[in-house]
Amino acid sequence: IIALSGCSNTPDIVSKLPKIYLQTKKDIGEKKESGKFDCDPLKDLPVFIKIRGSSSRQYPKKSYALSFDKGEYALLSLPASKKWVLYAPYADRTAIRNTFVYNLYKQMGYWSPATAFCSLYINEKYNGLYELIEKPDLTRNKLHDAKFLIKIDQQSGKQNYRWPSAYSDSLFFELDEPDENEINKNDLTFIKERIALFEKTIFYDRQKLSDICDENS
């Protein structure tokens with residue numbers, strides 16, 4: 001696994017891993033492209049595919065976002081979902097850091113994404129070792145009490161509603177869910193104010209951190 005984590009054209013010697021096949025008429029880029037998804041026993045499922053990530057987009061081995069508009073599918077025996085991530089552990093030479101942290105967090109009693117390793121083929125070409133990950137969703141994944149999903153990112157990426165950190169020029173906060181046009185201005189103001197308070201507390205008054213967030217999480 002370590003030898004394959006950064007390779008995109010290596011023969012598939014990890015023969016025991018399940019295989020995922022993507023078929024596209026166009027090169028996969030920043031915008032959604034329609035294609036077909038195969039993974040035994042599922043065949044020829046319509047799927048939308050695009051490159052995902054921020055700094056990882058510069059790597060020769062890309063990660064991809066998958067979305068199925070016609071229903072939820074249980075891929076590789078994972079919980080059924082419409083949205084998935086095919087993560088390429090290019091910079092992680094062990095290829096298991098994400099999995100280790102997800103499993104550790106789950107053992108602590110919290111929700112974390114379900115994952116499975118696989119071999120990915122794009123238009124019949126072997127693309128290497130990947131990790132299939134269920135994408136967090138406000139309507140599922142034990143996140144029903146949450147109203148917003150915020151992620152920390154760099155300047156490139158999704159380009160949804162985002163704003164810079166008050167303490168780092170290269171750090172941005174981005175509204176991941178819901179989309180900007182699905183919430184009102186008061187909600188956006190509330191989110192920014194809470195994030196600003198969180199940052200300020202971390203830098204200047206950590207003793208009060210438990211007053212504004214769940215430290216155990």
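For the structure itself, consult the block above.
Residues numbered from 1 in each chain as written. Predicted model: local features only at pLDDT ≥ 70, side-chain atom pairs only at ≥ 80, totals over all residues. Heavy atoms only, no water.

Another point: the packing of aromatic side chains. For the structure on display, the rule yields 11 aromatic pairs. A connected cluster of aromatic rings, assembled from ring pairs, spans Tyr21, Tyr121 and Tyr126. Here the guanidinium or amino end of lysine 32 rests over the ring plane of phenylalanine 48, the centre of that ring lying 5.9 Å away. (Phe/Tyr/Trp six-rings, centres within 6.5 Å; stacked < 30°, edge-to-face > 60°. Lys NZ or Arg CZ within 6 Å of the ring centre and 35° of its normal.)

What follows is about the sheet that holds strand β6 (residues 115-122). In space, the seven strands of this closed barrel follow the order β1-β2-β3-β4-β5-β7-β6, with mixed pairing throughout. Averaged over all adjacent pairs, the angle separating strand axes in this sheet is 40°, with direction ignored. Of the pairings in the sheet, the one linking β6 to strand β7 (residues 125-134) comprises eight bridges and is antiparallel in character. Within β7, the position partnered with alanine 116 by the bridge is leucine 132. In the packing of helix α1 (residues 97-107) onto the sheet, the strands contacted are β5 (83-87), β6 and β7, and the crossing angle to β7 comes to about 15°. (Pairing = 2+ DSSP bridges. Helix = DSSP H or I, 4+ residues; strand = E, 2+ residues; numbered from the N terminus. Axes fitted to C-alpha atoms, helices over the stretch in contact; angles between N-to-C directions. Contact = heavy atoms within 4.5 Å.)

Another aspect to go through is the side chain of glutamate 177. Along the chain, the position of glutamate 177 falls in strand β10 (residues 172-177). Within the buried core, glutamate 177 has no salt-bridge partner, and the shortest N-O distance to an opposite charge, that of lysine 135, equals 4.1 Å. When neighbours within four sequence positions are excluded, glutamate 177 is seen to be in contact with Lys135, Pro136, Asp137, Leu138, Lys147, Phe148 and Leu149. (Buried < 20%, exposed > 50% of the residue type's maximum accessible area, 1.4 Å probe, protein only. Lys, Arg positive; Asp, Glu negative; His and termini not counted. Salt bridge = Lys/Arg side-chain N within 4 Å of Asp/Glu carboxyl O.)

So, about helix α2 (residues 185-204). For α2, spanning 20 residues, the distance from its first C-alpha to its last is 28 Å, which sits close to the expected 28 Å at 1.5 Å a residue. Inspection of α2 places Leu188, Ile191, Ile195, Glu199 and Thr201 among the buried residues, and these make up the whole buried set. The arc enclosing the buried residues of α2, seen along the axis, measures out at 165°, which places them on a common side. Projecting away from the buried face of α2 at angles above 90 degrees are the exposed residues Lys185, Asn186, Glu193, Lys200 and Tyr204. Structurally, α2 contributes buried residues whose contacts are with β8 (149-153), β9 (162-164) and β10. The N-cap residue of α2 is asparagine 184: its side-chain oxygen and the backbone nitrogen of asparagine 186 are 3.1 Å apart. (Expected span 1.5 Å × (residues − 1). Arc of directions from axis to C-beta. Polar contact = N/O pair within 3.5 Å; in protein donor to acceptor, adjacent residues only side chain to side chain.)

Now for unusual backbone geometry. The amide bond that connects aspartate 40 to the next residue, proline 41, takes the cis arrangement and shows omega of 10°. The peptide bond linking glutamate 177 to proline 178 adopts the cis configuration, its omega dihedral lying at -10°. Here proline 178 lies in the loop between β10 and α2. The residue aspartate 44 is not glycine, and still its phi comes out positive at about 55°. With respect to the secondary-structure elements, aspartate 44 resides in strand β3 (residues 42-52). Phi angles above zero are rare outside glycine, and glutamate 124 is one such case at about 70°. Looking at the element boundaries, glutamate 124 is found in the loop between β6 and β7.

As enumerated under the stated definition, the model contains six salt bridges in all. In this structure, the salt-bridge partner of arginine 57 is glutamate 30, at a minimum N-O distance of 1.8 Å. Of this pair, arginine 57 sits in the loop between β3 and β4 (63-67) while glutamate 30 sits in the loop between β1 (19-24) and β2 (33-39), placing them 27 residues apart in sequence. Across the pair arginine 162 and glutamate 174 runs a salt bridge whose closest N-O atoms are separated by 2.0 Å. Taken together, the residues arginine 162 in strand β9 and glutamate 174 in strand β10 connect sequence positions 12 residues apart. When its relative accessible area of 16% is taken as the criterion, arginine 162 is described as buried. Linked by salt bridges that have partners in common, Lys151, Arg162 and Glu174 make up one network.

Limitation: the analysis is restricted to geometry and does not speak to function.
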